[in-house]
Amino acid sequence: MSQKEPKQEKKCSHKTELYSETPSRCLPVVYSPNYNITFLGLEKLHPFDAGKWGKVIHFLKEEQFLTDENIVEAREATEEDLLVVHTKHYLNKLKNHILEGSREWSLVVATITEIPPLLFLPNFLVQRKVLRPLRTQTGGTIMAGKLAIERGWAINVGGGFHHCSSDKGGGFCAYADITLAIKFLFERVEGVSKATIIDLDAHQGNGHERDFLDDDRVYIMDVYNRYIYPGDGYAKRAIKRKVELDWGTEDQEYLQKVKQNSERALSDMRPDIIVYNAGTDILDGDPLGGLSISPQGIIKRDEIVFRVARQQGIPILMVTSGGYQRKTARIIADSILNLHWMGLLGSETTDEAGPSTVPGAAGGSISMGTRLSPR
């Protein structure tokens, strides 16, 4: 199966470092230690594990899948990069502050990240300790988009800020990395003119939906808990394949719906790139997701999406998005390892891996072909 190669660049509005050449020795796995948010313990006030990305990389290094030499180092998205999608007004709001005497208080970022104490910190510290990590993850998603076209697949071990649109953030999402990755590809890579977003985070991806509401080049499939944040009815108009789940949905029903709808989505429109938002907040016990998917179910879900993409020869970019339990980092790492063992991370994909059986929902079993990482 031949992979699509980037051809002559289209006319671009600005020069970017995010599309620099990547050494052939590197796997298309993008990460930077700057992804992780550590700031006086304030990150612990949000249920999101603000260090999970580094933990994923640690586990993958332990299993000898990654080394420091074969990881692609993410670069921070510049303001010019962000302006490909975001309005100047919105970016200025992230810098704005409330003046009180000689102090500068950060209001908008505190609202977006849902960490109220950030309101009382100087904006320059918030920029450095909170927004810079998010801009670096955003740059990582844009870089991974180009890598997916070049290599057939790519994973940004971060990103997936699917609640952010061009002019509004929310839900710990300050930059619209999914929209940016797609717009960069449309503008800069010949032969990329259609994209499919498969959003399997537990929450509706209202940010990219608002951005692509009237754009027929982008097909959106969104599978989410119908009862939780954001409940954005206006944004739902952009969803071409909508799967609304009930509280406590378990593996068997969930995986059937993912497989069936992923196949139908690609049948409805064959894209040049799939952006897969692989949130792990579907995990049973997640404080915000409200679903009951097992770790094995998450691993199988990712395998289903990669398999349908790779079998059809469609490049796929995966971002890790939400996930609000400490054990999600291990599950993400195990899922990436499973994709590797199943032959789904390479220049070509095969169906040679034989199926195995792991416990499934309601006492049943799920045919997986999945091998979990040894402990």
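Quick caveat, the model's predicted, so the values are computed rather than measured.

A. Broad picture of helix α5 (residues 123-151). For α5, with 29 residues, the first-to-last C-alpha span of 39 Å sits near the 42 Å given by 1.5 Å per residue. Of all the bends in α5, the greatest reaches close to 45° and is centred on L131; the proline P133 follows between one and four positions later. In terms of burial, α5 is a largely internal element, 23 of the 29 residues being buried.

B. Quick look at the pairing of strand β7 (residues 218-225). Taking burial as the measure, the eight residues of β7 include eight buried ones, the bulk of the element. On β7, burial covers both faces: V218, I220, D222 and Y224 on one face and Y219, M221, V223 and N225 on the other are all buried. Relative to β7, strand β6 (residues 195-199) is paired through five bridges, and the arrangement is parallel. Residue pairing across strands places D199 opposite D222, the latter belonging to β7. By the bridge criterion, five bridges tie β7 to strand β8 (residues 241-245) in an arrangement that is parallel. Across the sheet, residue V223 finds its bridge partner in β8, namely V243.

C. Spatial organisation of helix α1 (residues 52-62). Within the sequence span of α1, burial applies to K52, W53, V56, I57, F59 and L60. Considered in projection along α1, the buried side chains sweep an arc of 160° and stay on one side of the axis. As for α1, its buried residues are in contact with β1 (29-31), α5 and α11 (328-341). Looking at the residues trailing α1, positive phi occurs at Q64, about 65°.

D. Region of interest: the environment of D272. Note on placement: D272 falls in the loop between α9 (251-268) and β9 (273-277). Overall, the relative accessible area of 12% leaves D272 in the buried class. Between the alpha carbons of D272 and T196 there is a distance of 8.1 Å; along the sequence they are 76 residues apart. A distance of 2.9 Å separates the side chain of D272 from the backbone nitrogen of S193, its partner in a polar contact.

E. Quick peek at the sheet that holds strand β5 (residues 153-156). The eight strands lie next to each other as β2-β1-β5-β10-β9-β6-β7-β8, forming an open sheet whose pairing is parallel. Each edge of the open sheet is held by one strand with a lone partner, namely β2 (72-73) and β8. Running over the sheet, α9 touches β6, β7, β8 and β9 and is turned about 170° from β8.

What counts, and at which threshold
- Residues numbered from 1 in each chain as written.
- Predicted model: local features only at pLDDT ≥ 70, side-chain atom pairs only at ≥ 80, totals over all residues.
- Heavy atoms only, no water.
- Helix = DSSP H or I, 4+ residues; strand = E, 2+ residues; numbered from the N terminus.
- Expected span 1.5 Å × (residues − 1).
- Bend = angle between axes of the 7 residues up to and from the residue.
- Buried < 20%, exposed > 50% of the residue type's maximum accessible area, 1.4 Å probe, protein only.
- Pairing = 2+ DSSP bridges.
- Arc of directions from axis to C-beta.
- Contact = heavy atoms within 4.5 Å.
- Polar contact = N/O pair within 3.5 Å; in protein donor to acceptor, adjacent residues only side chain to side chain.
- Axes fitted to C-alpha atoms, helices over the stretch in contact; angles between N-to-C directions.

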